[in-house]
Amino acid sequence: MIPTWLTLLCLFIAQVFPEAQPADLYVEVPENYGGNFPLYLTKLPLPPEETEGEIVLSGNPGVAAEGPFAVDPESGFLLVTRALDREEQAEYRLQVTLETEAGHVLWGAQPVLVRVKDENDQVPRFSQSVYTFQLSQGTRPGIPFLFLEALDEDEPGTANSDLRFYILNQAPAWPSPDMFQLEPRLGALALSPEGSTSLDRAAGGPYQLLVQVKDMGDQASGHQATATVHVSIVENTWVPLDPVHLAENLKVPYPHHFAQVHWSGGDVHYHLESQPPGPFDVDAEGKLYVTEELDREAQAEVQARNVRAEDYTEPLELRVVVTDENDNAPVCPLWDSPISVPELSPPGTEVTRLLAEDMDAPGSPNSHVVYQLLSPEPEEGAEGRAFELDFTSGSVTLGDAPLRAGQNILLRVMAADRGGAEGSLSSTCEVAVTITDINDHAPEFATSQIEPVSLPEDAQPGTLVATLMATDADLEPAFRLMDFAIEAGDVEGTFGLDWEPNSSHVQLRLLKNLSYEAASSYELVVVVRNMAELVGPGSGPGATATVTVLVERLVLPPKLDQESYEASVPVNTPAGSLLLTIQPSDPISSPVRFSLVNDSEGWLCIKEVSGEVHTARPLQGAQPGDMYTVLVEAQYEDEPTLSTSASLVIHFLKAPSARAPALNPVPTRHLCTPRQDHGVVISGPSEDPDLADGHGPYSFALGPNPTVQRDWHLQALNGSHAYLTLALHWVEPREHVVPVVVSHNVRMWQLQLRVVVCRCNVEGQCMRKVGRMKGMPTKLSAVGILVGTLMAIALGGPGPPTSSLSLLLQMLISLGNTFIDTPRRNVLPAFWASLGPVRLAHKINYRNPLSSYQLPRFLCTLTSIPSVTVPKFSPGSRGGELDPTPWWQKQ
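Thresholds, definitions, all that
Residues numbered from 1 in each chain as written. Predicted model: local features only at pLDDT ≥ 70, side-chain atom pairs only at ≥ 80, totals over all residues. Heavy atoms only, no water. Helix = DSSP H or I, 4+ residues; strand = E, 2+ residues; numbered from the N terminus. Buried < 20%, exposed > 50% of the residue type's maximum accessible area, 1.4 Å probe, protein only. Contact = heavy atoms within 4.5 Å. Areas by Shrake-Rupley, 256 points an atom, 1.4 Å probe, with all protein chains shown as cover. Pairing = 2+ DSSP bridges. Axes fitted to C-alpha atoms, helices over the stretch in contact; angles between N-to-C directions. Core = buried A, V, L, I, M, F, W, Y, C linked by side-chain atoms within 4.5 Å. Salt bridge = Lys/Arg side-chain N within 4 Å of Asp/Glu carboxyl O. Lys, Arg positive; Asp, Glu negative; His and termini not counted. Polar contact = N/O pair within 3.5 Å; in protein donor to acceptor, adjacent residues only side chain to side chain. Disulfide = S-S within 2.5 Å. Phe/Tyr/Trp six-rings, centres within 6.5 Å; stacked < 30°, edge-to-face > 60°. Patch = residues over 30% accessible without salt bridge, like charges linked within 9 Å, V, L, I, M, F, W, Y side chains within 5 Å.

### Remarks on the overall build of the protein
Across its full length, the protein holds six helices and 56 strands. Buried residues in the protein amount to 38% of all 891 residues. Long-range pairs, those at least 24 residues apart, make up 66% of the contacts in the protein with a sequence separation of at least 6. Only carbon and sulfur atoms are counted for the fraction: they give 53% of the accessible area of the protein, which is about 49000 Å².

Shown next, in the form of structure tokens:
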């Protein structure tokens, strides 16, 4: 038994991987094989023997069970059991499968194409055993008059069915034994050149030809068959015809039979052509007809052709003579468009020449045409005519009367045959004449001075500034084509001109952005010129126009660094959590103030100056998967009316299921801008109640604020630490709050990392500006006083130093400065004190963060102060929250 799992696996592979199906097998079997059977054909690519199943052979109907094919189950060979006949069936399409008893296919199907290779076992045969044909004298040599047809049932396209035709015998062999020729491949029977010449001299025959057809092409071997061709010779009746005279406009029923031709040979088709084309036709018997009335002399040719449209002999020429009558009036020529005459053309200039055509017999009085000018008539008081006409040639010329540009004149001329004599036929010809203008007028602007045009500073390129109109007194459209250009006042190419080629209007448009500071006004000079060459004087003062453009200064509203913002927070995010920071796109612009609009739930708040968005209260009612949309509005501090807004979409996430582990303290750090090769190392949570060893692995990612993701780069070092660096070469020097999302599996925590970005010296030390109080000593004077006081104490001799130290402290109080610009490598705490508690401010090395800083003991013993408070740096603090523990109790 085949395991069920193996059966299912085979079915799955066959369906999912169809490209793994076996390729077709091609096998040839010789036709009428005379050897022993069964005949082994090819070994099938069956699967390995361990695949059990039954080999099933199927294919053409009736082949599987009782057909001539089988599969040897032992060897896997495909075999044939009997001889095959190609004429009975040329090919067999089989398929082999390996199946289970239940009919499931384990392998295959394997397609097999068995083709029966043809054997030359068929004898060709003629379509007729006896052919009979009647051949006329005068038949051209080489033109087939009979086509022999034969059939061979062997495979087409092979030598077994490649037939050749031959003439075996001609009887009688007089006057030549080679009177005929037979094309071997086509079986086309024709007269040989010698036979055609012999028949033209004297009719012979009849002739009996014994013809043969053989297969196997040009090979000597092959099957053959014969047939008999009887050819009788008849007298040539294809003789020239005498000219036929037909009266013009003959009133008889049509078609009208007027002649006949005859080809005495058999299997003929008649064809007729006439020059010029005329109303003639020929029927199958050679009868010629005219199909309508004739009005001119015509000539026709008649041809006798075989079934392949090849001419048996030379065509017969038939001339048809038509008797002429004066039945055609002169026909005037046609003009597609009016005749153009330039204005101021001199008298005698030829306008046109009328050539009326008469279809009557050429050279006869019926076709002799003369002309007469009918209009226009001379104007009253005019000294001459505008046009003159030669009555014999039909030439129309300009007269002495002047013509104006733009005039449209219709000439009417009568054309009469028979020289205008009695009984003549006539026609009236009309000729349209247009007096065209010459380009003697330069274009001019309608207004040479345009009123000032004001444009806002933020006008977009392409803005229409003004439209100017120019006119040209010329009438010809080609002479009114104008070209415009800005001649002066636009050195930088801020403006451009736009006009259609055939328009008299030109649009002055803005091409570049305007700047009030660069140019507050423009005075543009626009010039117009003819595109065609101007005749006469040049352009006048009206060819230029001045356009004054005034630039209106515009203050744009603030622009944010993004068009919209998104942030994702868990639904249990506590109040006061930083979500993201909204920033203007231009941080050096005027101060911007931020506010929230449409905060219907009161969940959010935004810092007016920094743009930091925090949660204002717990997100009660928020559900994971919900979205909350508010509008962030930004306006200039000094221009509240100029504002912009952007949408802020909050996506609520599922709250972590377990309590968040404690995060490692992240004291304030500092990084240098422009960017240097160092960053900040961030550690993950210090303890995790769900992990036995209290450590990661954790993943680190920047918060969803796009500005943070643009300015910062976070790279994981391992499963518990990440490395924070600047992503941009330059970031604004100030304190930044960088939200870092720490996650483990499905839990997520947010770490607010405060990083100071500042300009640094060559040693990488942060340089921060320190302001000095008004009226107070400078830092250098304070150092001098301190050094002098210490020397006085040292020289004072023995005794309590309390009074001297008190005096020193009072002097320091008067200074009022805090020294915080001390380099980090030489930390010298500077302080000012009073009789009350002392508050120290100092600068530490942010590269190696400390949770607290202790002053050297020798400075703290100089005075008997009850307690001293030092800053303690805790995670997320800015300068540190105060730790009330006395410094002398710290170890």
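Still more ground to cover, so stick around.
### A word on the sheet that holds strand 15 (residues 207-214)
Sheet architecture is open: four strands sit in the order 9-16-15-12, paired in mixed fashion. Looking at which strands have only one partner, the edges of the open sheet turn out to be strand 9 (130-136) and strand 12 (164-171). Mean inter-strand twist for the sheet, computed between neighbouring axes without regard to direction, equals 25 degrees. One ladder, built from seven bridges, connects strand 12 with strand 15; its direction is antiparallel. Counted as the bridge partner of Asn-169 is Leu-210 from strand 15.

### Details of the nonpolar core
Counting 44 residues, the largest nonpolar core has Leu-135, Phe-145, Leu-148, Phe-180, Val-229 and Phe-258 as the members making the most contacts within it. Considering every element that reaches this core, the biggest residue donor is strand 16 (residues 224-234), with five residues. Ignoring anything within four residues of it in the chain, the contact list for Val-229 reads Tyr-131, Leu-146, Leu-148, Leu-189, Tyr-207, Gln-208, Leu-209 and Val-211.

### Here's the deal with the pattern of salt bridges
Two side chains bearing opposite charge may form a pair once their charged atoms approach each other closely. Following the criterion strictly, the structure yields 20 salt bridges and no others. For Arg-734, the salt bridge identified is with Glu-732, shortest N-O distance 3.4 Å. Residue class for Arg-734 comes out partly exposed when judged on its relative accessible area of 29%. Judged by relative accessible area, Glu-732 falls into the partly exposed class, the value being 36%.

### So, the side chain of Glu-457
Turning to its location among the elements, Glu-457 is positioned in the loop between strand 32 (449-456) and strand 33 (464-471). Although buried, Glu-457 forms no salt bridge, and the nearest oppositely charged side chain, Arg-553, lies 5.2 Å from it. A distance of 2.9 Å separates a polar side-chain atom of Glu-457 from the backbone nitrogen of Tyr-516.

### Description of the side chain of Glu-155
Take Glu-155: it is sitting in the loop between strand 11 (150-151) and strand 12. Given a relative accessible area of 16%, Glu-155 falls into the buried group. Apart from residues no more than four positions distant in its own chain, Glu-155 is found in contact with Arg-86, Arg-115, Asp-118 and Ser-161.

### Topic: the pairing of strand 38 (residues 544-552)
The sheet contact formed by strand 32 and strand 38 spans six bridges and is parallel. Considered in strand 38, the bridge of Ser-454 is made with Leu-550. In the sheet, strand 37 (residues 521-530) pairs with strand 38 via seven bridges, with the strands oriented antiparallel. Paired with Tyr-522 across the strands is Val-549, a residue of strand 38.

### Regarding the state of the cysteines
Counted according to the given criterion, the structure contains three disulfides. Disulfide partner of Cys-332: Cys-429, at an S-S distance of 1.8 Å. Between Cys-332 and Cys-429 the disulfide shows an S-S torsion of about -75 degrees. By sign, it is left-handed. Linking Cys-332 in the loop between strand 23 (316-323) and strand 24 (339-342) with Cys-429 in strand 30 (residues 426-436), this pair joins segments that are 97 residues apart in sequence. Among the residues examined, Cys-332 registers a relative accessible area of 17% and is labelled buried. On the accessibility criterion, Cys-429 (1% relative accessible area) is buried. At a sulfur-sulfur separation of 1.9 Å, the disulfide partner of Cys-672 is Cys-760. Disulfide Cys-672-Cys-760: torsion about the S-S bond near -90 degrees, hence left-handed. In this pair, Cys-672 sits in strand 46 (residues 669-672) while Cys-760 sits in the loop between strand 52 (747-758) and helix 4 (779-795), placing the two residues 88 residues apart along the sequence. Each of the two residues, Cys-672 as well as Cys-760, counts as buried. Within the protein, bonded cysteines paired by disulfides and numbered along the sequence follow the pattern 1-2, 3-5, 4-6.

### Notes on the packing of aromatic side chains
A full pass over the atoms with the stated rule returns 13 aromatic pairs. Ring geometry for Trp-603 and Phe-652: centres 5.4 Å apart, planes at 90 degrees, overall edge-to-face. Of the two residues, Trp-603 sits in the loop between strand 41 (592-597) and strand 42 (604-606) while Phe-652 sits in strand 45 (residues 643-653), which places them 49 residues apart along the sequence. By the burial criterion, Trp-603 is buried, and Phe-652 matches it. Clustering of aromatic rings is evident, with ring pairs tying together Phe-133, Phe-145, Phe-180 and Tyr-207.

### Topic: a nonpolar patch on the surface
A cluster of nonpolar side chains, contributed by Tyr-166, Leu-168 and Leu-210, occupies part of the molecular surface with about 230 Å² of accessible area. Tracing the backbone shows Leu-210 in strand 15. The exposure class of Leu-210 is partly exposed, given its relative accessible area of 33%.

### Quick look at the sheet that holds strand 50 (residues 721-726)
On the basis of which strands lie adjacent, the open sheet formed by three strands has the order 47-50-49 and antiparallel pairing. With one partner strand each, in any of the chains shown, strand 47 (680-683) and strand 49 (712-716) form the two edges of the open sheet. On average, each strand axis in the sheet is tilted by 30 degrees relative to the strand beside it, whichever way the strands run. As paired strands, strand 47 and strand 50 are joined by four bridges and run antiparallel to one another. Each residue of the ladder has a partner; that of Ser-683, found in strand 50, is His-721.

### Re the environment of Ser-743
Within the secondary structure, Ser-743 is located in strand 51 (residues 734-744). Along the backbone, Ser-743 and Phe-700 are 43 residues apart, and their C-alpha atoms lie at a distance of 6.7 Å. Within the structure, Ser-743 has its side chain in polar contact with the side chain of Ser-699 (distance 2.4 Å).

### As for the environment of Val-114
Examined against the element boundaries, Val-114 turns out to sit in strand 7 (residues 105-117). When near neighbours in sequence (up to four residues on either side) are disregarded, Val-114 contacts Val-27, Val-29, Phe-69, Leu-78, Ala-90, Glu-91, Tyr-92 and Leu-94.

### Side note on unusual backbone geometry
The omega torsion across Ala-171 and Pro-172 is -5 degrees, close enough to zero to call that bond cis. Tracing the sequence through the fold places Pro-172 in the loop between strand 12 and strand 13 (180-182). Of note in the backbone geometry, Met-216 takes a positive phi value of approximately 70 degrees without being a glycine. Turning to its location among the elements, Met-216 is positioned in the loop between strand 15 and strand 16. Among the residues examined, Met-216 registers a relative accessible area of 14% and is labelled buried. Here Arg-418, not a glycine, exhibits a phi torsion of approximately 55 degrees, which is positive. Looking at the secondary structure, you find Arg-418 in the loop between strand 29 (408-416) and strand 30. Look at Arg-418 and you get partly exposed, because its relative accessible area is 33%.

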